[in-house]
Amino acid sequence: MELVVSNMPDSLTILKEAAIEGYRSSRERKFDLIHTSLDLSFDYEKRQVKGSAILLLKPYFYDQEVLELDAKDFDISDVWLDESGKTTPLGFSYTPKRVTVYLPRTYSALDTLRIGIKYVAKPDETTEPGGQAITDTKGLYFINPTGTEDKPIQIWTQGETEFSSKWFPTIDSPNERQTHDFKLRVPERFISLSNGKLVDQKTHDDGTRTDHWVMDIPHAPYLSALAIGEFVEIKDTWKDLPVSYYVEEKYAEGAKTVFQHTPEMIGFFSELLGMDFPWQKYDQVVVRDFVSGAMENTTVSIFMEALNLDEREALDSEWDYIIAHELFHQWFGNLVTTESWSNLPLNEAFADYSEYLWFEYKEGKDKADKHHLDAMEQYFSESQEKQVNLIRFQFEDKEDMFDSHSYAKGGRILHMLRKTVGDEAFFASLKYYLKTNAFRSVEVHDLRLAFEHITGQDLNWFFNQWFLDSGHPVLKIDIDDSDKDRQLLTIRQMQDLTTTPLYRLPIKVAIYKDGKREEKTFWMDKRVQQFALENGAGTDLILVDEYMELLAEKQTDRGMEFLINQYQQAQSGLGRLEALDSLTAVFAEAKNWTAEITRALGDSFHEVRGLAVSRIPQVMSQDDVGFEMEKTLVRLAENDPNNEVRSSAITLLGTLNSSKYAPLFARMMEEPSYVVAGGALTALMDMEGEEVKKKETFERLKGEKNIRLVVPLADYLTKVQDSTHSAWFNEKLSLLTGESLYYFIGYYGDYFASVSGTEKKEAIEMLMNLAKDHPANYVRLTAFQSIFGFIDEGNILERVIKINQNETDDLVRSYQEFFLEPYLEGN
Ligand SMILES: [Zn+2]
């Protein structure tokens, strides 16, 4: 009998079919890859990898007669089977993404196969959508391979998500796990770095050397890596664990400072997780032109060149967070690995949260909480554009998973989980999760089960609303204090329930009375709920979610008096910071703020001191500042333990009474910290008059390349309209990189807008080239924007329109259109 099936599906059916088709499953494990041996050499001219691979595998469960391996953009010359000492050539077919090997018989899970493949990998070629335009899918990168550019010759890799198969044939999936040994033939002047241990080195007559790296602890293919180049090694240790930092020679002294906390971090995390660092060694290497911030390859993390700092720059290094992040991945991600990109937060939420844990331990809770708040705001900003499930089984591109949901929201969710179950349960659960899942791939339920095992609680409610759903609570909070001794708290969940859950939330309320703080927790699980605080007589202040633990948008009506009270009493740095921020922004004109600002300048939290300094020009007239406060500012400029606070105090003094403090600024300019010296230089160059001194200072410092000094000098030259310094501007433009270049471009544009003739024309061409070709999108965008300063020259508008049309980054293109819009309407 045959059923008649309608072939006209209704719209609901179409939706449901799309859900099945679009489901991003974990990769089916047909084979288990056990070990890979590679023999690699590199053709720098052609940007190719010549390789020979031996893969040891076995069928995972079901019988197999065909083996599929990821091998992207290869030329494959031979595939063979190595069985009982005999090699047999095998038939294979190849698409640009994978090789299909036809096995001579059916193999069962009891069999082990040894497959050989001889190949040439061509990482610069790509069949990815977007073709050549996509620069971050090469897997292996040749930097200045022919030595013709002004930077070191390097090779490095970036395997995540599935790009290790751009340089060796493998099962390129996070739920695979293998050991490996790599023989890397490199020019003798270079060193090589890879996973595991360097067990042997052999030199050859042709000026090359083969380094043999053995990774004898299994890990996922995307974590395999190499870095080859001229690096110096700075050796360190934690217990018996070798810990090394690799940088270009001129950054060696800086690296000692930048990476100095690594052993302490390893110790802290090992202790916290009840498990020592689980690998053979830990290397950190800084390379050129890296495609992201950093990558946590097992035992060898690779960092972007922003971590290349000289000894003096390193004094203000703020890279601990990224060092902690990659290090924590060695447990969360590398030892216990997400089974699919859908579960990426199991790697990234933990790495993100490690930043909080490190700051909390090393620099105190206030600093950690501010980092937490910044991440929360980053997620809120993204949430205006998109709100998706944290664990996502539907996405266009796996690269879309690397967003502020997986990182910032994920980290905040872990913080809430910790605050919900308590510190002891949280860390006990992490220990249990790591121990039970070591060397395994996991999905989010493994995490839930670990927490349920330890706490004895059913935590589906927490995981469902936060990990498996989208959005966040929007809370309207009202406190009825008509009876001061029996206040009533009303909270409404305002979020759209058609797309967002109704949340179950612990609401922590701090009650301040007679200088003491008491905290009560109320549970919310309804749309609207009212809680009797039972605060009793003499309550001074009630704060809801004082430490901003809840990932929630909160709407409260707080007047000036309340905020002043909050600023004066809140125990949390965040509570004081937020109160001072609102007061000086919303109520700037409402009263004389001398008392509050004075108090804030002495706050124990440096963010509060910094905010107080920065708000002085907005909330006070110069006369209000007065003698006492000026004295305080001088003290902060001289002695504050935080260099940013010092720097803002110095620049503020510059605007108050500049000539009086000229000697102070001159002295501060000699401080080793660029942050402090840069603040002093800004103050000095902003002084009224003193032209001779400024000119002298410029002459003395014009060779400096640190952006903190370059900017005040550039600003000075533009202001004095001295048009004889085009060469200086061009030299800096070619010298600066990354964010420094980004900051400089605006000044560069301003300067040349006031110059005429060929110099101006050349400057326009420089900006055009940056806007067109610079690898960093933010540099392209800011260069594009500065070109508008020259819009009346020649055919500028036509040319920027063309740049806009050729821009491949959607975000950059839409911002460019925003800048273009006013000019197009006029046409
Ligand atoms: Zn990460």
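About the criteria used
Residues numbered from 1 in each chain as written. Predicted model: local features only at pLDDT ≥ 70, side-chain atom pairs only at ≥ 80, totals over all residues. Heavy atoms only, no water. Helix = DSSP H or I, 4+ residues; strand = E, 2+ residues; numbered from the N terminus. Rg over C-alpha atoms; globule rule 2.2 N^0.38 Å. Buried < 20%, exposed > 50% of the residue type's maximum accessible area, 1.4 Å probe, protein only. Areas by Shrake-Rupley, 256 points an atom, 1.4 Å probe, with all protein chains shown as cover. Patch = residues over 30% accessible without salt bridge, like charges linked within 9 Å, V, L, I, M, F, W, Y side chains within 5 Å. Salt bridge = Lys/Arg side-chain N within 4 Å of Asp/Glu carboxyl O. Axes fitted to C-alpha atoms, helices over the stretch in contact; angles between N-to-C directions. Parallel < 35°, antiparallel > 145°, perpendicular 65-115°, else oblique. Left-handed = near helix turned anticlockwise from the far one by under 90°. Contact = heavy atoms within 4.5 Å. Nonpolar A, V, L, I, M, F, W, Y, C, P; charged D, E, K, R; others polar. Phe/Tyr/Trp six-rings, centres within 6.5 Å; stacked < 30°, edge-to-face > 60°. Pairing = 2+ DSSP bridges. Donors = N, O, S within 2.8 Å, 3.2 Å for Na, K, Ca; no water. Tetrahedral: all angles 85-135°; square planar, octahedral: opposite > 155°, others 65-115°.

> Outline the overall build of the protein, supporting the account with residue identities and numerical values.
A count of helices and strands for the protein gives 26 helices and 29 strands. Taken over the C-alpha trace, the protein has a radius of gyration of 30 Å; the compact-globule value for 827 residues is 28 Å, and the two agree within 12%. Taken over the C-alpha atoms alone, the protein extends approximately 90 × 70 × 65 Å along its principal axes. Sorting the 827 residues of the protein into buried and exposed places 54% on the buried side. In the structure as shown, the protein presents an accessible area of about 36800 Å², 48% of it carried by carbon and sulfur atoms.

> So what about a nonpolar patch on the surface? Which residues, and what values?
On the surface, Tyr60, Phe61 and Tyr62 cluster together into a nonpolar patch covering about 400 Å² of accessible area. For Phe61, the location among the structural elements is in the loop between strand S2 (48–59) and strand S3 (64–70). The class for Phe61 is exposed, based on a relative accessible area of 58%.

> Talk me through the packing of helix H14 (residues 606–619) against helix H15 (residues 622–639); I want residue IDs and the actual numbers.
Think of two packed helices as two axes; the pair is described by the angle between the axes and how far apart they sit. The N-to-C vectors of H14 and H15 enclose an angle of 135 degrees; their axes lie 12 Å apart at closest approach. With respect to their mutual orientation, H14 and H15 come out oblique. For H14 against H15, the interelement crossing comes out left-handed. Of H15, the residues touching H14 (which contributes Arg609, Val613 and Ile616) are Val625, Met629, Leu633 and Leu636. Class assignment of the residues belonging to the contact of H14 with H15 gives a composition of six nonpolar, no polar and one charged.

> Any details on the packing of aromatic side chains? Residues and values, ideally.
Per the counting criterion, the structure on display carries 56 aromatic pairs. Judged by centre distance (5.8 Å) and plane angle (90 degrees), the ring pair of Phe277 and Trp331 falls under edge-to-face. Linking Phe277 in the loop between helix H3 (262–272) and strand S18 (282–286) with Trp331 in the loop between helix H4 (320–329) and strand S21 (336–338), this pair joins segments that are 54 residues apart in sequence. The interplanar angle of 35 degrees and the centroid separation of 4.8 Å between the aromatic rings of Trp466 and Tyr503 together place this pair among those described as tilted. Of the two residues, Trp466 sits in helix H10 (residues 460–466) while Tyr503 sits in the loop between strand S24 (488–493) and strand S25 (505–513), which places them 37 residues apart along the sequence.

> How would you explain the sheet that holds strand S7 (residues 98–107) if you had to name every residue and give the values?
The sheet built from three strands is open, its strands ordered S3-S7-S6 with antiparallel pairing. The open sheet has two edge strands with one neighbour each: S3 and strand S6 (92–94). Averaged over all adjacent pairs, the angle separating strand axes in this sheet is 20 degrees, with direction ignored. As paired strands, S3 and S7 are joined by six bridges and run antiparallel to one another. Bridge assignment links Asp70 to a residue of S7, and that residue is Arg98.

> Please provide a residue-by-residue account of the side chain of Thr718, values included.
Relative to the helices and strands, Thr718 is located in helix H20 (residues 707–719). Filtering out sequence-adjacent residues up to four positions away, Thr718 remains in contact with Phe729, Tyr747, Asp750 and Tyr751.

> I'd like a rundown of the sheet that holds strand S20 (residues 300–303), residues and numbers included.
Reading across from one edge, S16-S17-S18-S20-S19 is the order of the five strands in this open sheet, with mixed pairing throughout. Pairing within the sheet leaves two strands with one partner each, and these edge strands are strand S16 (232–238) and strand S19 (294–295). Pairing between S19 and S20: two bridges, direction antiparallel. Considered in S20, the bridge of Met295 is made with Ile302. Along the sheet face, H3 touches S16, strand S17 (241–247) and S18 and points at about 35 degrees away from the line of S16. The strands that H4 touches are S18, S19 and S20; relative to S20, the one it contacts most, it runs at about 145 degrees.

> How would you sum up the pattern of salt bridges? Please name residues and give values.
Scanning the model with the defined rule gives 60 salt bridges in all. Salt-bridge contacts for Lys554 lead to Asp545; the nearest nitrogen and oxygen are separated by 2.7 Å. Assessed through its relative accessible area of 30%, Lys554 is described here as partly exposed. By relative accessible area, Asp545 is classed as buried at 6%. Close ionic contact of Glu691 with Lys694 constitutes a salt bridge, the shortest N to O distance being 3.5 Å. Note that Glu691 and Lys694 are positioned in helix H19 (residues 691–701) at a spacing of three residues, about one turn of the helix. The exposure class assigned to Lys694 is buried, which follows from its relative accessible area of 6%.

> Let's hear about the coordination of the zinc ion: which residues, and what values?
Taken together, His325 (NE2), His329 (NE2), Glu348 (OE) and Glu348 (OE) make up the full set of protein donors to the zinc ion, lying 2.1 to 2.8 Å away. Coordination at the zinc ion is irregular: its four donor atoms span angles of 51 to 150 degrees at the metal. Within one chain, the residues donating to the zinc ion are spaced in sequence as H-x3-H-x18-E. Separated by 23 residues along the polypeptide, His325 in helix H4 and Glu348 in helix H5 (residues 345–363) bring together distant segments of the chain. The class of His325 is buried, set by a relative accessible area of 7%.

> Can you lay out the packing of H14 against helix H16 (residues 643–656) for me, pointing to particular residues and giving the numbers?
Contact geometry of H14 with H16 gives a least axis separation of 9 Å together with a crossing angle of 15 degrees. The angle between the axes of H14 and H16 places the two elements in the roughly parallel class. Of the two elements, H14 crosses H16, and the hand of that crossing is left-handed. On the side of H14, the interface is formed by His606, Arg609, Gly610, Val613, Ile616 and Pro617, while H16 contributes Val645, Ser648, Ala649 and Leu652. For the contact of H14 with H16, a count of residues per class yields six nonpolar, three polar and one charged.

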